[in-house]
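Read off the chains here:
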Amino acid sequence: MGIRSIIDSMLGRSRLPAAKNDRLFAISTASITLEMDLNIKPSSLARICFKSLGMTKYESAREEIEQLLQLSTPETGTEFSIEKDEYNFLWVILKDRDFEDLVTTIHMISQTLIEHGFGEHILCAVYRFQSNGPVYWIYNFKQGNYYPFVPQGKNKRDNSMEFRLKSLMEKELPIEKDVGKWHPLWNMPF
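Residues numbered from 1 in each chain as written. Predicted model: local features only at pLDDT ≥ 70, side-chain atom pairs only at ≥ 80, totals over all residues. Heavy atoms only, no water.

**Details of the overall build of the chain**
Counting its secondary structure elements, the chain contains five helices and six strands. The helix and strand sequence of the chain, counted from the amino end, reads α-α-β-α-β-β-α-β-β-β-α. Here the chain holds 190 residues, and the buried ones make up 46% of them. Here the chain has roughly 10300 Å² of accessible surface; of this, 51% comes from carbon and sulfur atoms. (Helix = DSSP H or I, 4+ residues; strand = E, 2+ residues; numbered from the N terminus. Buried < 20%, exposed > 50% of the residue type's maximum accessible area, 1.4 Å probe, protein only. Areas by Shrake-Rupley, 256 points an atom, 1.4 Å probe, with all protein chains shown as cover.)

**Some details on the nonpolar core**
Counting 51 residues, the largest nonpolar core has Ile27, Tyr127, Phe129, Trp137 and Leu165 as the members making the most contacts within it. Once residues within four sequence positions are removed from consideration, isoleucine 27 is found in contact with Phe99, Val103, Tyr127, Phe129, Trp137, Tyr146 and Leu173. (Core = buried A, V, L, I, M, F, W, Y, C linked by side-chain atoms within 4.5 Å. Contact = heavy atoms within 4.5 Å.)

**Details of the confidence of the model for the chain**
Model confidence for the chain is summarised by a mean pLDDT of 86, while 87% of its residues fall at 70 or above. Counting contacts from residues 1-13, a segment whose pLDDT is below 50, to residues more than four positions away or on other chains yields five contacts. (pLDDT = per-residue confidence, 0-100.)

**A closer look at helix H2 (residues 26-38)**
The terminal C-alpha atoms of H2, which comprises 13 residues, lie 17 Å apart, in line with the 18 Å expected from a rise of 1.5 Å per residue. Of all the positions in H2, only Ala26, Ile27, Ser28, Ala30, Ser31, Thr33, Leu34 and Leu38 are classed as buried. Where H2 is buried, its residues contact strand S1 (41-51), helix H4 (99-115), strand S4 (122-130), strand S5 (134-140), strand S6 (145-149) and helix H5 (159-169). Phi turns positive, to about 55°, at asparagine 39, one or two residues after H2. (Expected span 1.5 Å × (residues − 1).)

**Describing the pairing of S1**
Note: S1 against S4, seven bridges, orientation antiparallel. Along S4, the bridge assignment pairs phenylalanine 50 with isoleucine 122. Bridging between S1 and strand S3 (residues 89-95) involves seven bridges; their strand directions are antiparallel. For cysteine 49, the partnering residue across the bridge sits in S3 and is tryptophan 91. (Pairing = 2+ DSSP bridges.)

**Points about the side chain of aspartate 101**
Mapped onto the elements, aspartate 101 comes out in helix H4. Arginine 97 provides the closest opposite charge to the buried, unpaired aspartate 101, separated from it by 10 Å. In this view, aspartate 101 contacts Thr76, Thr78 and Asp96; residues no more than four positions away in its chain are not counted. (Lys, Arg positive; Asp, Glu negative; His and termini not counted. Salt bridge = Lys/Arg side-chain N within 4 Å of Asp/Glu carboxyl O.)

**A closer look at the state of the cysteines**
Scanning the model with the defined rule gives zero disulfides in all. Left without a disulfide partner, cysteine 49 is nearest to the cysteine sulfur of cysteine 124, which lies 4.9 Å away. A relative accessible area of 2% means that cysteine 49 is categorised as buried. By relative accessible area, cysteine 124 is classed as buried at 8%. (Disulfide = S-S within 2.5 Å.)

**Some details on the sheet that holds S3**
On the basis of which strands lie adjacent, the open sheet formed by six strands has the order S2-S3-S1-S4-S5-S6 and antiparallel pairing. Among the strands making up the open sheet, the edge pair consists of strand S2 (79-84) and S6. On average, each strand axis in the sheet is tilted by 20° relative to the strand beside it, whichever way the strands run. The pairing of S5 with S6 spans five bridges and is antiparallel. In the strand pairing of S6, tryptophan 137 is matched with proline 148. Here H4 sits on the sheet and contacts S1, S3 and S4; the angle it forms with S1, its principal contact strand, is near 10°. (Axes fitted to C-alpha atoms, helices over the stretch in contact; angles between N-to-C directions.)

**A look at the pattern of salt bridges**
In the structure shown here, the tally under the stated rule is two salt bridges. The residue glutamate 162 makes a salt bridge to arginine 157 at a minimum N-O spacing of 3.1 Å. The pair glutamate 162 / arginine 157 is uniform in exposure class, with both members buried. Glutamate 170 is the partner of lysine 166 in a salt bridge, and the nearest nitrogen-oxygen pair spans 2.6 Å. With relative accessibility at 38%, the residue glutamate 170 sits in the partly exposed group.

Below is the structure:
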């Protein structure tokens, strides 16, 4: 623990962990295994969520993200929108038939936010897969790990399927070991 950490701790200040986006691409190879072995197919939807702030620098970063998306999406065919949810978090919602384009675009957005000093404000990336119903793989930027989320009706989740996915995909994906951090994301904007 450094001197700054000790002082911050004594004064009751804490720092948010920096975003870890180096493991994002693991979902690319995992998607092949999910489809081939489990018949869980990647859908054309993904999203990234981050805290909304009203600062000028933040607005500059948001504008840069929008400009990057406007420049890159015609080439890839990715559609995008930016929405605020009920908690005032910003979501960049992506739609593309090519799963690799979704993963690359999520990485580009997170890297832009990190470069602007907003890495600690990035919350998660969500990739939607389809089986008999939706299956989500959520990447927690603070932990640098994935976890499954399988909703089953209104505010109910299929825990047994989530644990099954964890055990089947542990060798392919960096899975969050602390299931207490497997936060369900109800009412995600689409």
